[in-house]
2 protein chains.
Amino acid sequence: MGFDIKQHFRRGLPAPAVPFQGYPEYNFVGGHNDNDSIPVDELIAAATRSLEAEGRSLATYGLTSGLQGHRPLRDYIAKRLKDSAGLRDGAREVLVTSGSMQGLELVNALLLEPDDCVIVEEASYGGALARLKGAGVSCRAVRLDDDGIDTEQLARLLAEQKSAGQPAKYIYTIPTVQNPTGCVMTVERRRRLIELAEEFDCVIFEDDCYADLLWQGQRPPAIRALDTSSGGSSRVIYCGSFSKTIAPALRVGYVVADWPAIAQMLALKSDAGTGALEQLVLADYCPAHFDDHVEQLTQIMRRKCETMVSALEEHFGATAEFTAPKGGIFIWITLPEAVDAGVLALAAIQQGVAINPGADWTVDGQNNRHRMRLCFGHPSHEIIRDGVAILAQICHREFGVPQRGGNVARGDSR
Amino acid sequence: MGFDIKQHFRRGLPAPAVPFQGYPEYNFVGGHNDNDSIPVDELIAAATRSLEAEGRSLATYGLTSGLQGHRPLRDYIAKRLKDSAGLRDGAREVLVTSGSMQGLELVNALLLEPDDCVIVEEASYGGALARLKGAGVSCRAVRLDDDGIDTEQLARLLAEQKSAGQPAKYIYTIPTVQNPTGCVMTVERRRRLIELAEEFDCVIFEDDCYADLLWQGQRPPAIRALDTSSGGSSRVIYCGSFSKTIAPALRVGYVVADWPAIAQMLALKSDAGTGALEQLVLADYCPAHFDDHVEQLTQIMRRKCETMVSALEEHFGATAEFTAPKGGIFIWITLPEAVDAGVLALAAIQQGVAINPGADWTVDGQNNRHRMRLCFGHPSHEIIRDGVAILAQICHREFGVPQRGGNVARGDSR
């Protein structure tokens, strides 16, 4: 009998991966980006220039900047965040991470112990929710509306947790182009959030990965930028990424926090630095091109969003309720309660349509089974139109809604 | 009073990092490489070609290959390991990792539970030892000689652990250019190791990160290649890296194992894939250039090793005992018992000389305080000569040995 390595695995492992069979044809999941928007020529030029200038420093871990991240890239990140989001941090407060997911993991490793409580927006990033569940902490959901977190309810939650002897450790928020709802928290709410975090002495973890993809107007200042009341130190840990603005396959994100937190996360970051070639290329590319690139990309995303909204109206009609997002790459959709989006997802993938069921993107998965997230960043306009049409057919077949052809006028309730 | 985020940190964190002040002038620690050997022009050409051909696929996580790693790179790794080390694995058995350290962490996450026992070579990679301590497992040291693991002692250790009701979970070995001793395990010992692992039903974890840097002759087959007795499945998990052969700042390593283990490690790998630009560049560069590059690099390392050996003989004389390594980038040195290399390291860094104290590179740190590892891959010949001279002076000042000018003829015992 052959040796069976599975006998030696530790207990409690997650389900094993299945062999990759290619991405589905109608790929409405994941933070993938628009193929044609990858700035290939400029990245080649940046790779050439930066390798000519600094390629030999690939011989040392972390180039010549140590493991906190390539210094010119950290300088760029600090400057860009000052200009766009109002942050006052320098390169010392920036830690380059291997994607923003590593940022989430470092923040959790920094702050959380089992049985801690974390407050999370009722609908939130699935990867963050999964990590919090994995860390064994309890998540409490705070309500969202078009203006972001309902701070009145937040005040009650914080008070409840304090009374229960389990004060919230941090509040996790995606304030600017919220994932998955696409809303943007108002400045007033941001200020109130900071007041509440001070009153109940908890940390705010601000995930700003989509903030650059706002359709129009100036983005509000980051919450970290508004937190000025604590004698120069801030209770806000901020993270961002180049995945959504340049390319997700480049694994480069960043955390911005006061130095004591950065120093501790740097000690926890055990990967001997984030890939240096990707950092070199971004440090060369971004100062000259980032702003223009993002402006163009945002308009491409906006048009894809319009295509998806049209397709949803045409094929789902009033069956799909949603608020048109203010930016980003996804739409958060509420279906009739009878629809189980988990079942829909399993049926849809058989026909090459991938969707995120709402249960994975909410704190209270059980009561959000009739919701789904559709991403429009990667698929072409044609794929969006065809995929939504196929999805509507499958939904009709499985749940009887929408009505066939369902281009019913949608109500104002969306 | 200002907000103090440290009040919110979890308990039991490691010591925080200190701000990076540049690498020390005489840098004899870390797996850094030779600056002038970085194949900058070829990497630029590879970046240009691969981005032209596949740059648009940066828009999807994992390019078009999913998160297991860029398929052309996995194909290359499999082919290269077949040719050089005798492995019979295909791309399906290869997981690209964000450096080989991530490989170590994935193997530990796959196999280890607290209170498990792992058998480790008495002197071994500090990063692996630190991770095992962090995982809360008990490490038992197996003796090394010039032919690798002392398999007779290994048999006794395995039997002891079995009798004690705590059988070894895996045996961690660096058989080909061992870190830090530079020895190479004989084929006979490799076969015996496999027999013992079968008899005591434990996994072998073969870390082959330095195997390409053998000074001369054919390397022995990998242990994984020799493990043919179990009906087609293997109990050997193999890992390697491009850090030592191309550049450490490129964070690309790999694990090779049977698919059930790969599938499970892929599920545990939570970083959304290893940096794609670095994978693209390596997949383009390696098929045409890797073998020639490594052949040249190896001779450069060999000459640096000769320079370090000469400098040690000149400045330490009989005070420094060592076996000249058969490859790699480091020398493992035994000093008189009165020398505490930890104290020496602290004194030396004040004068810009960095060394690895033996306590960090051994299972039984307490009894190896008089040993040290010196890396010669990064520093120039001049820096090696000067740095060893300064180190000898410091050692003399702190411990009275070596005698000043100490170019005493060294005995045969080295």
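Just so you know, these numbers come straight off a predicted model, no measurement behind them.

Draft legend 1. Up close: the overall build of chain A. Summing up its helical and strand segments, chain A has 11 helices and 14 strands in all. Seen through its principal axes, chain A has C-alpha atoms that stretch 65 × 60 × 55 Å. In chain A, which comprises 414 residues, the proportion classed as buried is 55%. Contacts in chain A between residues far apart in sequence, at least 24 positions, make up 75% of those at least 6 positions apart.

Draft legend 2. Representation of the interface of chain B and chain A in the model. Residue-level contacts link 83 residues of chain B with 83 residues of chain A. Mapped onto the side of chain B that touches chain A, the elements with two or more residues apiece are α1 (40-54), α3 (100-111), α8 (259-268) and α9 (276-316) of chain B. Tallied by class, residues from the side of chain B that touches chain A come to 41 nonpolar, 26 polar and 16 charged.

Draft legend 3. Quick look at the relation of the copies chain B and chain A. In the superposition of chain B on chain A (RMSD 0.0 Å, axial shift 0.0 Å), the rotation amounts to 180°. In the structure described here, the two chain copies are related by an operation that fits a two-fold rotation axis. In this assembly, 100% of the residues forming the interface of chain B have copies in chain A that are likewise at the interface, indicating an isologous arrangement.

Draft legend 4. The arrangement of the sheet that holds strand β14 (residues 371-375) of chain B in detail. All names here are of chain B. Read across the sheet, three strands follow the order β11-β14-β13 without closing on themselves; strand pairing throughout is antiparallel. The strands lining the two open edges of the sheet, one partner per strand, are β11 (330-334) and β13 (356-357). Direction of pairing for β11 relative to β14: antiparallel, over a ladder of five bridges. By the bridge assignment for β14, Ile333 is matched with Met372.

Draft legend 5. Seen up close, the nonpolar core. One finds A:Val255, A:Ile355 and B:Ile355 to be the most contacted residues of the largest nonpolar core, which totals 269 residues. Ignoring anything within four residues of it in the chain, the contact list for A:Val255 reads A:Leu95, A:Thr97, A:Gly103, A:Leu106, A:Val107, A:Ile237, A:Tyr238, A:Cys239 and A:Met265.

Draft legend 6. Broad picture of helix α11 (residues 381-399) of chain A. Residue and element names in this part refer to chain A. Between the first and last C-alpha of α11 there are 26 Å, a value that for 19 residues agrees with the 27 Å anticipated at 1.5 Å per step. Summarising the contacts, the buried residues of α11 are in contact with β1 (26-27), α9 (276-316), α10 (341-349) and β12 (353-354). Following α11 by one or two positions, Gly400 has its phi on the positive side, about 80°.

Draft legend 7. Seen up close, the environment of A:Asn108. Residue and element names in this part refer to chain A. Take Asn108: it is sitting in helix α3 (residues 100-111). Residue classification places Asn108 among the buried residues on the basis of 23 C-beta atoms within 10 Å. Along the backbone, Asn108 and Leu132 are 24 residues apart, and their C-alpha atoms lie at a distance of 7.9 Å. Ignoring anything within four residues of it in the chain, the contact list for Asn108 reads Arg131 and Ala135.

Draft legend 8. Region of the structure containing the confidence of the model for chain A. When the pLDDT values of chain A are averaged, the result is 95; 96% of them are 70 or greater. Here residues 406-414 of chain A is a poorly scored stretch, pLDDT under 50, and it has 18 contacts once near neighbours within four places are set aside; other chains count.

Draft legend 9. Expanded view of the sheet that holds strand β14 (residues 371-375) of chain A. One open sheet accounts for three strands, arranged β11-β14-β13 (chain A); its pairing is antiparallel. Strands with a single pairing partner mark the edges of an open sheet, and in this sheet they are β11 (330-334) and β13 (356-357) of chain A.

Draft legend 10. Representation of the packing of helix α1 (residues 40-54) of chain A against α1(B) within the structure. The geometry of α1(A) relative to α1(B) is characterised by a closest axis approach of 9 Å and an angle of 175° between their N-to-C directions. Regarding the angle of α1(A) to α1(B), the classification is roughly antiparallel. For the pair formed by α1(A) and α1(B), the contact residues are A:Val40, A:Leu43, A:Ile44, A:Ala47, A:Thr48, A:Leu51 and A:Glu52 on the first element and B:Val40, B:Leu43, B:Ile44, B:Ala47, B:Thr48, B:Leu51 and B:Glu52 on the second. Its residues assigned to classes, the contact of α1(A) with α1(B) comprises 10 nonpolar, two polar and two charged.

Draft legend 11. Here's a closer look at the pairing of strand β4 (residues 138-142) of chain B. Residues and elements named next belong to chain B. Looking at chain direction, strand β3 (residues 117-121) and β4 are connected through five bridges and run parallel. Residue pairing in the sheet places Ile119 in a bridge with Arg140 of β4. Considered for its hand, the β-α-β crossover made up of β3, helix α4 (residues 126-134) and β4 is right-handed.

Draft legend 12. Local environment of the domain arrangement of chain A. Residues and elements named next belong to chain A. Here the domain parsing of chain A yields domain 1 (20-38 + 292-399) and domain 2 (40-288). Centre-to-centre separation of domain 1 and domain 2, based on C-alpha positions: 25 Å. Each partner contributes residues to the interface: domain 1 has 25 residues there, and domain 2 has 27 residues. Counting residues per element, the ones that place at least two in the side of domain 1 that touches domain 2 are α9 and β11. By residue number, the principal contributor to the side of domain 1 that touches domain 2 is α9, which donates five residues. Partitioning the side of domain 1 that touches domain 2 into residue classes produces 11 nonpolar, nine polar and five charged.

Draft legend 13. How the structure looks around the pairing of strand β2 (residues 94-97) of chain B. All names here are of chain B. On β2, burial covers both faces: Val94 and Val96 on one face and Leu95 and Thr97 on the other are all buried. Note that β2 and strand β10 (residues 253-256) share four bridges and pair antiparallel. Following the sheet pairing, Leu95 is matched in β10 by Val255.

Draft legend 14. Structural detail: unusual backbone geometry. All names here are of chain A. The amide bond that connects Val401 to the next residue, Pro402, takes the cis arrangement and shows omega of -10°. Here Pro402 shows up in the segment after α11. Positioned with a positive phi, Ala272 is a non-glycine residue whose angle comes to about 60°. Its location among the elements puts Ala272 in the loop between α8 (259-268) and α9.

Draft legend 15. Seen up close, the packing of α3(B) against α8(B). Residue and element names in this part refer to chain B. Viewed as axis vectors pointing N to C, α3 and α8 meet at an angle of 105°, and their least axial separation amounts to 10 Å. One way to sum up the angle between α3 and α8 is to call them roughly perpendicular. Each of Leu106, Ala109 and Leu110 in α3 lies in contact with α8, whose residues at this interface are Ala261, Gln264, Met265 and Leu268. Residues that form the contact of α3 with α8 fall into these classes: six nonpolar, one polar and no charged.

Draft legend 16. The environment of A:Val256, seen in detail. All names here are of chain A. Following the sequence through the fold, Val256 ends up in strand β10 (residues 253-256). With 28 C-beta atoms counted inside 10 Å, the residue Val256 sits in the buried group. When the C-alpha positions of Val256 and Glu206 are compared, they lie 9.7 Å apart, and in sequence the two are 50 residues distant. Excluding anything up to four places from it in sequence, Val256 contacts Leu81, Leu87, Asp89, Glu93, Val94, Arg224 and Tyr238.

Draft legend 17. Structural view of the environment of B:Glu152. Residue and element names in this part refer to chain B. Along the chain, the position of Glu152 falls in helix α5 (residues 151-163). On the neighbour-count criterion, Glu152 (11 C-beta atoms within 10 Å) is exposed. When the C-alpha atoms of Glu152 and Val142 are compared, they prove to be 9.7 Å apart, with 10 residues separating the residues in sequence.

Criteria and cut-off values
Residues numbered from 1 in each chain as written. Chains lettered and ligands numbered in written order. Predicted model: local features only at pLDDT ≥ 70, side-chain atom pairs only at ≥ 80, totals over all residues. Helix = DSSP H or I, 4+ residues; strand = E, 2+ residues; numbered from the N terminus. Buried ≥ 20, exposed ≤ 12 C-beta atoms within 10 Å, placed from the backbone. Contact = placed C-beta atoms within 7 Å. Nonpolar A, V, L, I, M, F, W, Y, C, P; charged D, E, K, R; others polar. Least-squares fit on C-alpha atoms with pLDDT ≥ 70 in both. Pairing = 2+ DSSP bridges. Core = buried A, V, L, I, M, F, W, Y, C linked by C-beta atoms within 7 Å. Expected span 1.5 Å × (residues − 1). pLDDT = per-residue confidence, 0-100. Axes fitted to C-alpha atoms, helices over the stretch in contact; angles between N-to-C directions. Parallel < 35°, antiparallel > 145°, perpendicular 65-115°, else oblique. Right-handed = clockwise from strand over helix to strand, strands pointing away. Domains from an automatic or database assignment.

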